[in-house]
Amino acid sequence: SSGGFFALTLCRLQSQLQSQAQLDQTNENSEKKTQPPSFPIPIQTLPVKIQFCIAITPVANPHHRASYLRSSISGSARSDQFVTSYQQPHDPERSQFILEKQLSFWEDDETMILAGESLMRKRNLGDTNDGNENGIDEDVPTLLILGSQDKNVPFGVT
């Protein structure tokens, strides 16, 4: 669940770092400056090249999951459309336990929102349209496996 977010983030960082290095090389004699990766993880280089990612029921947006857990605690997960008529949300006690654990890491909603948005933003490095111009590597191929009956990360949360 939560580890999936970090796997997706590492793939995104690798792609951004590769793009950054290639753009720096391309713009070496230019005054144009490029920006570092936007998600605040203190990684300058990755020790290995990630070839692909298989994320199994990842928490791709921590804030969406926190919202789902809060709805489960209040008993409104179904009416808030986090789960469908054939799915069952966690009971309030289990939801409270998971939410407390999640908040012990993320600390507040703002941080969770920024984390979720960091995976949604398109790369904005240089003047490329799709990441293929100027020889920039493409994103890491990623397969998301989502469980239809997953109470921890229902489909509506991902």
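Bear in mind that the values here come from a model prediction, so they are computed numbers and not experimental data.

Enquirer: In this structure, what is going on with the overall build of the protein? I would like to understand it.
Expert: Looking only at helices and strands, the protein features four helices and two strands. Across the protein, helices and strands are ordered from the amino to the carboxyl terminus as α-β-α-α-α-β. In the protein, which comprises 158 residues, the proportion classed as buried is 37%. Restricting to contacts in the protein with at least 6 residues of sequence separation, those with at least 24 account for 74%. Entry remark: accessible area of the protein is about 9700 Å², with carbon and sulfur atoms responsible for 53%.

Enquirer: Just to check I follow, could you spell out a nonpolar patch on the surface for this structure?
Expert: Where nonpolar side chains cluster on the molecular surface, the patch consists of F52, I54, I56, L143 and I145 and spans about 490 Å² of accessible area. When contributions to the nonpolar patch are tallied by element, the ones reaching two or more residues are β1 (53-56) and β2 (142-145).

Enquirer: Would you explain the state of the cysteines in this entry?
Expert: Such a bond, covalent and formed between the sulfur atoms of two cysteines, is termed a disulfide. A complete count under the given rule lists zero disulfides for this structure. The thiol sulfur of C53 is not disulfide-bonded, and the nearest other cysteine sulfur, from C11, lies at 3.9 Å.

Enquirer: Any chance you could explain the packing of helix α2 (residues 62-74) against helix α4 (residues 109-120) here in plain terms?
Expert: Two packed helices can be described by the angle between their axes and the distance between those axes. Interhelical geometry of α2 versus α4 gives an angle of 130 degrees and a closest axis separation of 6 Å. Between α2 and α4, the interaxial angle falls into the category oblique. Contact with α2, carried on its side by P62, H63, A66 and R70, involves D109, M112, I113, A115 and G116 of α4 and no other residues of that element. Residues that form the contact of α2 with α4 fall into these classes: five nonpolar, two polar and two charged.

Enquirer: Is there a simple way to think about the nonpolar core in this case?
Expert: Looking at soluble globular proteins, one finds that nonpolar side chains tend to be buried together. Membership of the largest hydrophobic core comes to 22 residues, with the highest contact counts inside it found for F5, L8, C53, Y68, L69, W106 and V157. Put simply, the parts of the chain that give this core at least two residues each are α1 (2-26), β1, α2, α3 (92-106) and α4. If we skip the residues at most four places from it in the chain, V157 touches H64, R65, Y68 and F82.

Enquirer: Help me understand α3 in this model?
Expert: Given 3.6 residues to a turn, an α-helix orients residues that are three or four positions apart in the same direction. For α3, built from 15 residues, the straight-helix expectation of 21 Å at 1.5 Å per residue is met to within 8% by its first-to-last C-alpha distance of 20 Å. Taken as a whole, α3 has its buried residues at S95, I98, L99, Q102 and W106. On an axial view of α3, the arc spanned by its buried residues comes to 100 degrees, and they lie on one face. Opposite the packed face of α3, turned more than 90 degrees from it, sit the exposed residues E93, K101 and S104. Looking at where α3 begins, the residue whose side-chain oxygen comes 3.1 Å from the main-chain nitrogen of E93 is D91. One or two residues past the end of α3 sits E107, with phi positive at roughly 75 degrees.

Enquirer: What is the right way to look at the environment of K151 in this model?
Expert: With respect to the helices, strands and loops of the structure, K151 is situated in the segment after β2. Of the residues examined, K151 reaches a relative accessible area of 37% and is grouped as partly exposed. Sequence spacing of K151 and L69 is 82 residues, and the spatial spacing of their C-alpha atoms is 9.7 Å. Not counting the four nearest positions on each side in its chain, K151 is found in contact with Y68, Q88, P89 and H90.

Enquirer: Looking at this structure, how should I read the packing of aromatic side chains?
Expert: By convention here, two paired aromatic rings are described through the distance between centres and the angle between planes. Inspection of the entire model under this criterion finds six aromatic pairs. An angle of 80 degrees between the planes, with centres 5.3 Å apart, marks the rings of F5 and W106 as edge-to-face. Placement of the pair is F5 in helix α1 and W106 in helix α3, with a sequence separation of 101 residues. Here W106 falls in the buried class, since its relative accessible area comes to 10%.

The rules behind each value
- Residues numbered from 1 in each chain as written.
- Predicted model: local features only at pLDDT ≥ 70, side-chain atom pairs only at ≥ 80, totals over all residues.
- Heavy atoms only, no water.
- Helix = DSSP H or I, 4+ residues; strand = E, 2+ residues; numbered from the N terminus.
- Buried < 20%, exposed > 50% of the residue type's maximum accessible area, 1.4 Å probe, protein only.
- Contact = heavy atoms within 4.5 Å.
- Areas by Shrake-Rupley, 256 points an atom, 1.4 Å probe, with all protein chains shown as cover.
- Patch = residues over 30% accessible without salt bridge, like charges linked within 9 Å, V, L, I, M, F, W, Y side chains within 5 Å.
- Salt bridge = Lys/Arg side-chain N within 4 Å of Asp/Glu carboxyl O.
- Disulfide = S-S within 2.5 Å.
- Axes fitted to C-alpha atoms, helices over the stretch in contact; angles between N-to-C directions.
- Parallel < 35°, antiparallel > 145°, perpendicular 65-115°, else oblique.
- Nonpolar A, V, L, I, M, F, W, Y, C, P; charged D, E, K, R; others polar.
- Core = buried A, V, L, I, M, F, W, Y, C linked by side-chain atoms within 4.5 Å.
- Expected span 1.5 Å × (residues − 1).
- Arc of directions from axis to C-beta.
- Polar contact = N/O pair within 3.5 Å; in protein donor to acceptor, adjacent residues only side chain to side chain.
- Phe/Tyr/Trp six-rings, centres within 6.5 Å; stacked < 30°, edge-to-face > 60°.

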